[in-house]
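Listed here are the chains, written in short residue letters.
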Amino acid sequence: MSYDAVIIGAGLSGLAAGIRLAYYGKRVCILERHTTIGGLNSFYRLAGRQFDVGLHAMTNFTPKGTRKGPLARILRQLRFRWEDLALSPQVGSQIAFPGVGLSFTNDFELFRSQVHEHFPAEKDGFEKLASAVIDYSDLNEPVAAQSARAMVAGWIKDPLLVDMIFCPLQFYGSAREHDMDFGQFSVMFRSIFLEGLARPWAGVRLILKNLVRRFKLLGGELRLRAGVRQMVTEQGRVARLVLDDGSSIEGQNVLSSAGLVETMRMCGGPSGEAPESGQLSFVETLSVLDEQPSTLGCDRTIIFYNDSDRFHWHRPEELIDVRSGVICCPNNFEYEQPLGEGMVRITALANYDAWRKLSPEEYRAAKQAAYEQINASAVRFVPDYRSRVIADDTFTPTTIKRFTGHDNGAVYGTPQKRRSGTTHLKNLFICGTDQGLVGIVGTMVSGILMANRHVLETSREDEAEIIAASAEI
Amino acid sequence: MSPPEIKEAILDILESIAPDEDVTNVKDDVPLREQLELDSMDFLDIVMELRKRYRVQIPEDDYVQLATINSTVEYLAPLMKDLQKA
Ligand SMILES: Cc1cc2nc3c(=O)[nH]c(=O)nc-3n(C[C@H](O)[C@H](O)[C@H](O)COP(=O)(O)OP(=O)(O)OC[C@H]3O[C@@H](n4cnc5c(N)ncnc54)[C@H](O)[C@@H]3O)c2cc1C
């Protein structure tokens, strides 16, 4: 069987790419190793309850009618109506550091006034930072690659404010330890502070189901339990893909959302091709409450917290790092009707290797201990909900690795992104997280961009020319 | 296809690209880029939709012709005159 395009992975980027290609009449097949779709942002059932794997909030929220920005772009490119995603905006979030809290909502003015109020000396610097972020263009590559820490330090002197700004951006999208490049910093700053956070009442499954339905209606083929084991190459191209069961598939083009390093391994890429794997992974705890969180005083949507003098963004030495984390109450969005049950989710940095080395018994105990430590850490920043927990679950870097195949359970992939999407093989392209756009919205944009650029627009060699040509329109 | 039919075809395409827009309000002589804030990806989509629906190929150098509804219709008229309305 031969396809115009084969896509590796039915995560958000693979599905978005698939829709674009199927829409334009390409014969396209998505191969997914797992038994279900969604990848890093899937959903599952446990003891009769539905849980989302990843979703805290969708970033990049803009209200209906907005014509600019990544959300508008996704809707247009995938031919979705705004209503199809059924997004409800956040109630309000906070960055909580020792002695100071900064609130933010989807109205940037609140965040701005909070910064002005708590850091009056940094007012001008913050404005300079905000305008640099607004002016930032992806096409300005020299600026994109610069150290965001160094650039921000040029505007803002107080390291506390610097750390408070970096904390949410790193938790929601930095594959790189310690620092971010200014391009990624700008993209994340816009997506969280200038645009905003939202969630569909029904969770990520609503988005995934809409994507799959659209893909199949357009004639796309989705194969689950169809992992790609190897890509056989001939004359600088992928000749065929060999699946886990030994069967083969051919495609004119291959788009892979499996990760850059992981993809290179499948096709025996030259050593120089594959950068290092990402190191940053998470433990996520989920607690179901017998009450709506707001009734207990947990009324914020997301709280990014840190208890130390400085905020540390690197792989922990130990199993987990409980100094900082993200607390999310999926209940606290402006829904028309409340969610059925209360829920508190917490994300904390974790070390894949430390988890991997544990025996099954040690693992079970460590998971329980991590749940307790993380929640004990979090209740310093929100009212203590722990006596109201009626069910819980915890997943670790090894869970993430097992279900998504990403090395080290690295949620944001490798720090060395492949912006062009191209590889040493002429018909193999990278999409999703390792192309450089992360998060639910980012990775969908990536799938769309790569499908457009490398499959639909193959007659046009140079993207810069297209952009230049259309700038004249 | 006659020029009014071509205009209708373009509005259909715009409607499919931006389902939330009311395309009946689109002005014929104001750049689409301004009115609908279309970006380069959207213009590529218009080109690809024309190719998909009517098999019209538009070379890259001619994208500038797609600035407004009027200029697009004018540009497409000779290319689409022999086509039947879809
Ligand atoms: C705990 C957690 C919380 C998160 N919270 C948020 C949030 O609140 N908001 C947000 O925007 N983002 C969040 N994210 C990030 C978001 O989920 C990801 O950025 C996004 O889902 C990545 O999508 P992707 O398509 O690039 O990759 P993936 O989702 O990893 O998709 C890749 C797919 O490829 C499959 N695959 C891999 N190897 C093979 C192979 N050899 N053959 C076949 N298939 C293969 C995998 O099974 C997977 O399904 C979170 C992630 C996690 C883990």
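Criteria and thresholds
- Residues numbered from 1 in each chain as written.
- Chains lettered and ligands numbered in written order.
- Predicted model: local features only at pLDDT ≥ 70, side-chain atom pairs only at ≥ 80, totals over all residues.
- Heavy atoms only, no water.
- Near = heavy atom within 4 Å.
- Polar contact = N/O pair within 3.5 Å; in protein donor to acceptor, adjacent residues only side chain to side chain.
- Areas by Shrake-Rupley, 256 points an atom, 1.4 Å probe, with all protein chains shown as cover.
- Helix = DSSP H or I, 4+ residues; strand = E, 2+ residues; numbered from the N terminus.
- Buried < 20%, exposed > 50% of the residue type's maximum accessible area, 1.4 Å probe, protein only.
- Contact = heavy atoms within 4.5 Å.
- Domains from an automatic or database assignment.
- Buried area = accessible area lost by both parts, 1.4 Å probe.
- Pairing = 2+ DSSP bridges.
- Salt bridge = Lys/Arg side-chain N within 4 Å of Asp/Glu carboxyl O.
- Axes fitted to C-alpha atoms, helices over the stretch in contact; angles between N-to-C directions.
- Parallel < 35°, antiparallel > 145°, perpendicular 65-115°, else oblique.
- Left-handed = near helix turned anticlockwise from the far one by under 90°.
- Nonpolar A, V, L, I, M, F, W, Y, C, P; charged D, E, K, R; others polar.

Peer 1: In this structure, what is going on with the site of the ligand? I would like to understand it.
Peer 2: Residues and elements named next belong to chain A. Surveying the vicinity of the ligand reveals 34 residues, the closest of which are Glu32, His56, Ala57, His406 and Thr443. The contact in question runs from an oxygen atom of the ligand to an N or O atom on the side chain of Glu32, over 2.5 Å. Take Ile440: an N or O atom from its main chain is 2.8 Å from an oxygen atom of the ligand. About the coverage of the ligand: the protein hides 98% of its 1,000 Å² of free accessible area. Secondary structure elements with two or more residues in the shell around the ligand: α1 (12-23), α13 (397-404) and α14 (439-456). The element best represented in the shell around the ligand is α14, accounting for three residues.

Peer 1: Mind showing me how you'd approach helix α2 (residues 70-78) of chain A here?
Peer 2: Owing to its 3.6 residues per turn, the α-helix aligns residues three or four sequence positions apart on the same side. Burial analysis of α2 of chain A places seven of its nine residues in the buried class, the great majority of the element. Packing partners of the buried residues in α2 of chain A comprise α1, β5 (87-89), α9 (204-217) and α14 of chain A together with α1 (3-17) and α3 (40-54) of chain B. Trailing α2 of chain A by a residue or two, Arg79 of chain A shows a phi angle of about 60 degrees, which is positive.

Peer 1: I tried to follow the domain arrangement of chain A on my own but got confused; where do I start?
Peer 2: Many structure descriptions define interface size as the accessible area lost when the parts assemble. All names here are of chain A. Partitioning chain A into structural domains gives domain 1 (2-87 + 202-277 + 415-472), domain 2 (106-192) and domain 3 (279-407). Centre-to-centre, using C-alpha coordinates, domain 1 lies 28 Å away from domain 2. Tallying the contact residues gives ten residues for domain 1 and eleven residues for domain 2. When domain 1 packs against domain 2, close to 840 Å² is buried across both sides, 60% of that on carbon and sulfur atoms. Taken as a group, Thr59, Pro415 and Val438 account for 42% of the area that domain 1 buries against domain 2, more than any other trio of residues on that side.

Peer 1: Sorry, what's going on with the pairing of strand β12 (residues 248-256) of chain A here?
Peer 2: Walk down a regular strand and you will see the side chains alternate between the two sheet faces. Residue and element names in this part refer to chain A. By the bridge criterion, six bridges tie strand β1 (residues 2-8) to β12 in an arrangement that is parallel. Residue pairing across strands places Ile8 opposite Ser256, the latter belonging to β12. Direction of pairing for strand β11 (residues 237-243) relative to β12: antiparallel, over a ladder of two bridges. Bridged to Val242 within β12 is Ser248. Both β12 and strand β18 (residues 428-430) contribute to a ladder of three bridges, which runs parallel. Across the sheet, Ser256 pairs through a bridge with Ile430, a residue of β18.

Peer 1: Teacher, can you tell me more about the pattern of salt bridges here?
Peer 2: Proximity of charged atoms lets side chains of opposite charge pair with each other. Taken as a whole and assessed by the stated rule, the structure comprises 31 salt bridges over all chains. In this structure, Asp52 of chain A and Arg205 of chain A form a salt bridge, with 3.4 Å as the shortest nitrogen-oxygen distance. Pair noted here: Asp52 of chain A is in strand β4 (residues 49-52) and Arg205 of chain A is in helix α9, with a separation of 153 residues, a long-range link. In terms of burial, Asp52 of chain A and Arg205 of chain A fall into one category: buried. For Arg53 of chain B, the salt bridge is made with Glu49 of chain B, and the minimal N-O distance between the two is 3.0 Å. Taken together, the residues Arg53 of chain B and Glu49 of chain B, both in helix α3 and four residues apart, mark about one turn of the helix. Shared partners join several salt bridges into a network, and the residues in it are Arg20 and Arg79 of chain A together with Asp45, Glu49 and Arg53 of chain B.

Peer 1: I'm lost on the packing of α1 of chain A against α14 of chain A in this one. Help?
Peer 2: The angle between the axes and the distance between the axes are what describe a pair of packed helices. Residue and element names in this part refer to chain A. Look at α1 against α14: their axes get within 7 Å of each other, and the N-to-C directions meet at 40 degrees. By the angle between their directions, the pair α1 and α14 is classed as oblique. The element α1 and its partner α14 pack so that their crossing is right-handed. Residues Leu12, Ser13, Ala16, Ala17, Arg20 and Leu21 of α1 pack against Ile440, Thr443, Met444, Gly447, Ile448, Ala451, Asn452, Val455 and Leu456 of α14. In terms of residue class, the contact of α1 with α14 is built from ten nonpolar, four polar and one charged.

Peer 1: Any chance you could explain the interface of chain A and chain B here in plain terms?
Peer 2: Each partner contributes to the interface: chain A provides 29 residues, whereas chain B provides 30 residues. Taking both sides of the interface into account, the surface hidden between chain A and chain B amounts to around 2,700 Å²; carbon and sulfur atoms contribute 48%. Remark: the boundary between chain A and chain B carries seven salt bridges. Ionic pairing is found between Arg67 of chain A and Glu21 of chain B, a salt bridge with its closest N-O pair at 2.7 Å. Counting every contact that joins chain A to chain B gives 17 residue pairs in polar contact (both at pLDDT 80 or more).

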